[in-house]
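An overview of the molecular structure
Each chain is listed here by its residues.
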Amino acid sequence: MSFQNARAPFYVGIDVGGTNIKAGVVDDDGRSLSHVSAPTEAARGPDVGLENIARAADRAIAQSGLQRGALRGVGLATPGTMDIPAGYLLDPPNLPGWINFPIRDLLAKKLDLPTVLQNDANAAAYGEFWAGQAKEARSLVFWTLGTGIGCGIILDHLIVEGAHSHGAECGHIIIEMTNGRLCGTGQYGTLEAYAGARAVVARCQDALAGGGQSAISARLAAGESLTPLLIAQTAEAGDKLCDELIMETARYMGVGTVTLMHTIDPEMVLFGGAMTFGRNDTQLGRRFIQEIRNEVKKRAFPIPAAKTMIEYASLGGDAGYIGAAGCARLKFGSVPSAVD
């Protein structure tokens, strides 16, 4: 967008992943003035990573054309585990070795701007709530489907962080108590253990080992790697086993969604992340979200089942840094009260 159309005040949003950093300057309406990407180099340790984060933020500020004095604050979104009030990373799995690292205050000192820390899934949820698909809603559950399953919950402008900075870790709700599948966290029977990307691959392997017939076997024999993308491509080509794996994944997500609907009764539930099967742009993506809706209608109380909007998210990979900027706006700007 042009600088002339932007509305002050302005915020820097930073989304740190295990591989890449995304940063941008965002105006008071959630519109981006700039957007840069840079490698995290997480394996080189937190000090190198912090330098890369600060450098990406500086590039985003320079690209925006704004003077630093026009910026109200910085929002920093990172993977957990963390202590949000203290601004510490504790032992995040995607940032190995970044243990008990006071990232918020160190970055604030480097950038000479007030900084707030937030969980990356929470920040992405707030991005969709503030400037994306849910901007007309008052409450939101936002699922991110990828290697694992992330979740963020927004009630009006309140991000559900929890007493110990572990609120909305809903990918780890238990959906199977007996002989549940193993999750990457070491727990058994979690939603992520059934519907995360690793779980979809593992369930496909189990189906093939159990004698399931699928065209994917020939592709694996030809040397292709088993991934959710390959499963999706095979399903789109008419393969029944792969199609059922994806629809079953949708049903698992429907079960998880009903649990949250019966807990907080949100106005909207959104799905984003890398494993959304083309979203509304493909027949498979449209069938996937419709299967989630079907499962919700079967299991939820009738009124929320009829009234809760279930859709795909709209901001894509930009949700994290836009939402991080929104978290800075919550902390340092002027945001409508949740009771307005």
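As a starting point, this report considers the structure included with it.

Reading guide: rules and limits
- Residue numbering note: each chain is counted from 1, following its sequence as written.
- The model is predicted, so local features are restricted to residues of pLDDT at least 70 and side-chain atom pairs to those at 80 or more, both for listing and for counting; the totals for chains, interfaces and linings are taken over all residues.
- The side-chain values count all of the structure's non-hydrogen atoms but skip hydrogen atoms and water molecules.
- Going along the chain from the N terminus, every DSSP run of H or I of four or more residues is numbered as a helix, and every run of E of two or more is numbered as a strand.
- Residue exposure (1.4 Å probe, protein chains only): buried if accessible area is under 20% of the type maximum, exposed if over 50%, otherwise partly exposed.
- Residue contacts are counted whenever heavy atoms from the two residues lie within 4.5 Å of one another.
- A carboxyl oxygen of Asp or Glu within 4 Å of a side-chain nitrogen of Lys or Arg is what we treat as a salt bridge.
- What qualifies as a polar contact is a pair of N or O atoms within 3.5 Å, subject to a donor-acceptor requirement within protein and to the restriction that residues adjacent in sequence count only when both atoms come from side chains.
- We call two strands paired when DSSP finds no fewer than two bridges between them.
- In this analysis, axes come from line fits to C-alpha atoms, helices being fitted only over the stretch in contact, and the angle between any two N-to-C directions falls in the range 0 to 180 degrees.

Before going further, it helps to examine the overall build of the protein chain. Check the secondary structure of the protein chain and you find 11 helices and 12 strands. Projected onto its principal axes, the C-alpha positions of the protein chain cover 65 × 50 × 40 Å. Buried residues in the protein chain amount to 53% of all 340 residues. Put simply, of all contacts in the protein chain between residues at least 6 apart along the chain, 62% involve residues at least 24 apart.

Attention now moves to the pattern of salt bridges. Taken as a whole and assessed by the stated rule, the structure comprises 20 salt bridges. One salt bridge in this structure joins R251 and E291, with 3.0 Å as the shortest N-O distance. Note that R251 is positioned in helix 8 (residues 240-264) and E291 in helix 9 (residues 283-299), a separation of 40 residues in sequence.

Here we take up the side chain of R104. Summarising the element assignment, R104 is placed in helix 2 (residues 103-111). Judged by its relative accessible area of 16%, R104 falls in the buried class. At 3.0 Å, the side chain of R104 forms a polar contact with the side chain of D105. Beyond its immediate stretch of four places on either side in the chain, R104 contacts I84, P85, A86, G87, T115, V116 and L117.

This part covers the environment of D281. Within the secondary structure, D281 sits in the loop between strand 11 (268-272) and helix 9. Taking the relative accessible area as the measure of exposure, D281 reaches 73% and is therefore exposed. Residues D281 and G13 lie 268 residues apart in sequence; the distance between their C-alpha atoms is 28 Å.

Attention now moves to the sheet that holds strand 8 (residues 139-145). The 5 strands lie next to each other as 10-9-8-11-12, forming an open sheet whose pairing is mixed. The open sheet has two edge strands with one neighbour each: strand 10 (158-159) and strand 12 (309-312). Helix 8 rests against strand 8, strand 9 (149-155) and strand 11 of the sheet, and its axis sits at about 155° to strand 8.

Moving on: the sheet that holds strand 3 (residues 36-39). Across the sheet, which stays open at both edges, the 5 strands sit in the order 3-2-1-4-7 with mixed pairing between neighbours. Each of the sheet's edge strands pairs with one partner strand only, and the pair in question is strand 3 and strand 7 (115-119). With strand direction ignored, the average angle separating the axes of adjacent strands in the sheet is 20°. Relative to strand 3, strand 2 (residues 20-26) runs antiparallel, the two sharing 4 bridges. Across the sheet, the residue bridging to N20 is P39, located in strand 3. The sheet strands contacting helix 2 are strand 1 (10-16), strand 4 (71-78) and strand 7, and the helix crosses strand 7 at an angle near 140°. Helix 11 (residues 319-332) rests against strand 1, strand 2, strand 4 and strand 7 of the sheet, and its axis sits at about 130° to strand 1.

It is worth stressing that arrangement in space is one thing and function is another; only the former is reported here.
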